[in-house]
Amino acid sequence: MNIEQLQSTIKAITASGKGILAADESTGTITKRFKSINLESTEESRRAYRDLLFTTVDLEKYVSGIILFEETLKQQALDGTPFPKLLADRGIVPGIKVDKGLIANESAPEEKTTQGLDGLPERLAEYKALGARFAKWRVVYNVTDTFPSRIAIHINAEQLARYAAICQSQGIVPIVEPEVLMDGDHSIEQCAVATEHVLDHVFDSLAKHHVISEYIILKPSMVIAGKDHNKQASIEQVAEETIKILKRKVPAAVPTINFLSGGQSNEAATQHLNTMNQLSNTPWNLSFSYGRALQSSALKTWGGQKENVKAAQQQLLKRAQLNSLATLGKYEENME
Ligand code: 5MM
């Protein structure tokens, strides 16, 4: 295990006022996103979109790391510079999504698990040679009266821990992403109970697999009601419940918690993060690792048209800057 490498990656990622841009949509997901702007998803259109994101002037002021999909890690900017080098030269740490996506969970037929552990050490060595310094593995949990089931919680925790142990052994910092989904009509209370169980098992498994807490990044969902629930909680309630559950279950040794946005609006994702950072002291850095909440306005503004690149980059920069302020608890609604 190369502790110096893990330490220096964590130090760079946790720089004050910065967070992570999740740009690791798999081909299926980016194709869905492009459909919303009537754009065909080809290797070149995906490259052009990532080029737009990564060449945004001043992005490094607010973004310390970017998670890439494997295809993107191997692509180049128009001038031929490999994307990981372009990012590293700008002081942005390149990361890589290493899970191979969701599959049916045979032990819990109506729930999902994540694949990709086979051959992971070999893939990580290749990704590292291409410039990746951190990795990401996402598991998901549905919330209903009966889910997430005990077996789904157990299997996903074991997977996250096995993945994280492999990453650390290779000097790669693992992002551990247990996402309690917002899909459904569950209450914030149900989400809180599910999140607490999930985190309890995740950290138990991480400890059993000798994963060092100091060298992971936790990427959780917030404690929030399902999208279809009839009563949405206030910004303050989401922030308070999220911090309450995290304080119960996340070791103080974990250096940073970088939330996912999970389908929240751009503004809500920023407000929640800001309010959490204004609450009582937490032992961890609290930041973002947003995908949609950073990209959606940029994607819409771009619309696949070259002449819109600059305007789209301004949209990305705006969200990055506002979320940067939220990591410091200094965001205000009138900045929108
Ligand atoms: C950016 O999307 C990531 C990859 O998703 P797929 O494997 O489904 O293609 C996703 O893991 C993302 O990093 C997290 O869900 C956070 O993104 P959001 O949009 O929820 O902030």
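For the structure given in this document, a descriptive report is provided here. (Residues numbered from 1 in each chain as written. Predicted model: local features only at pLDDT ≥ 70, side-chain atom pairs only at ≥ 80, totals over all residues. Heavy atoms only, no water.)

Another point: the packing of helix H7 (residues 150-169) against helix H8 (residues 188-208). When two helices pack together, their arrangement is given by the angle between their axes and by how far apart the axes lie. It is at 8 Å that the axes of H7 and H8 come closest, and there the two elements cross at 40°. Put simply, H7 runs oblique to H8. For the pair H7 and H8, the sense of crossing is right-handed. In this structure, H7 uses Ile153, Ala157, Glu158, Leu160, Ala161 and Ala164 to contact H8, whose residues at the interface are His197, Val198, His201, Val202, Ser205 and Leu206. Partitioning the contact of H7 with H8 into residue classes produces 8 nonpolar, 3 polar and 1 charged. (Axes fitted to C-alpha atoms, helices over the stretch in contact; angles between N-to-C directions. Helix = DSSP H or I, 4+ residues; strand = E, 2+ residues; numbered from the N terminus. Parallel < 35°, antiparallel > 145°, perpendicular 65-115°, else oblique. Left-handed = near helix turned anticlockwise from the far one by under 90°. Contact = heavy atoms within 4.5 Å. Nonpolar A, V, L, I, M, F, W, Y, C, P; charged D, E, K, R; others polar.)

Our next topic: the pairing of strand E10 (residues 285-290). Burial analysis of E10 places 5 of its 6 residues in the buried class, the great majority of the element. Both strand E1 (residues 19-23) and E10 contribute to a ladder of 2 bridges, which runs parallel. Counterpart to leucine 21 in the pairing with E10 is tyrosine 290. Note: strand E9 (residues 256-259) against E10, 4 bridges, orientation parallel. Its bridge partner lying in E10, isoleucine 257 is registered against leucine 286. (Buried < 20%, exposed > 50% of the residue type's maximum accessible area, 1.4 Å probe, protein only. Pairing = 2+ DSSP bridges.)

Lining the immediate environment of the ligand, one finds 17 residues, of which Ser26, Thr29, Lys97, Lys136 and Ser261 sit closest. Serine 26 is positioned with one of its side-chain polar atoms (N or O) 2.6 Å from an oxygen atom of the ligand. A distance of 2.3 Å separates an oxygen atom of the ligand from a polar side-chain atom of lysine 136. Burial of the ligand by the protein chains amounts to 92% of its free accessible area of 500 Å². Judged by the proximity of its atoms to the pocket grid, the ligand belongs to the largest pocket. Residues that form the shell around the ligand fall into these classes: 3 nonpolar, 5 polar and 9 charged. (Near = heavy atom within 4 Å. Polar contact = N/O pair within 3.5 Å; in protein donor to acceptor, adjacent residues only side chain to side chain. Areas by Shrake-Rupley, 256 points an atom, 1.4 Å probe, with all protein chains shown as cover. 1 Å grid on protein atoms, 1.4 Å probe; cavity = no way out; pocket = protein on both sides within 12 Å on 5 of 7 lines; lining within 4 Å. Sits in = over half its atoms within 2 Å of the grid points.)

The α-helix advances 3.6 residues per turn, and as a result positions three or four apart in sequence lie on the same side. Its 19 residues give helix H12 (residues 309-327) an end-to-end C-alpha distance of 27 Å, which sits within 8% of 27 Å, the value for a rise of 1.5 Å per residue. Among all positions in H12, only Ala312, Gln313, Leu316, Leu317, Arg319, Ala320, Leu322, Asn323, Ser324, Ala326 and Thr327 are buried. Buried residues belonging to H12 abut E1, helix H3 (43-54), strand E2 (63-68), helix H10 (266-278), E10 and helix H11 (292-302). (Expected span 1.5 Å × (residues − 1).)

In this description, a pair of aromatic rings is defined by centroid distance and the angle of the planes. Evaluated as defined, the whole model comprises 6 aromatic pairs. Relative to phenylalanine 83, the ring of phenylalanine 54 has its centre 5.1 Å away and its plane inclined at 90°; by these criteria the two rings are edge-to-face. Residue phenylalanine 54 is found in helix H3, and its partner phenylalanine 83 is found in helix H5 (residues 83-89); the two are separated by 29 residues along the sequence. Accessibility expressed as a relative area gives 0% for phenylalanine 54, which makes it buried. Taken together, the ring pairs connect Phe34, Tyr49 and Trp302 into an aromatic cluster. (Phe/Tyr/Trp six-rings, centres within 6.5 Å; stacked < 30°, edge-to-face > 60°.)

A few words on the pairing of strand E3 (residues 93-97). Within E3, 5 of the 5 residues are buried, which leaves the element mostly enclosed by the surrounding structure. The alternating pattern of E3 places Val93, Gly95 and Lys97 on one face and Pro94 and Ile96 on the opposite face, and all of these are buried. Bridging between E2 and E3 involves 4 bridges; their strand directions are parallel. Bridging across to E3, isoleucine 66 finds its partner in proline 94. Where E3 and strand E6 (residues 134-141) come together, 3 bridges link them in parallel fashion. The residue of E6 that forms the bridge with glycine 95 is phenylalanine 134.

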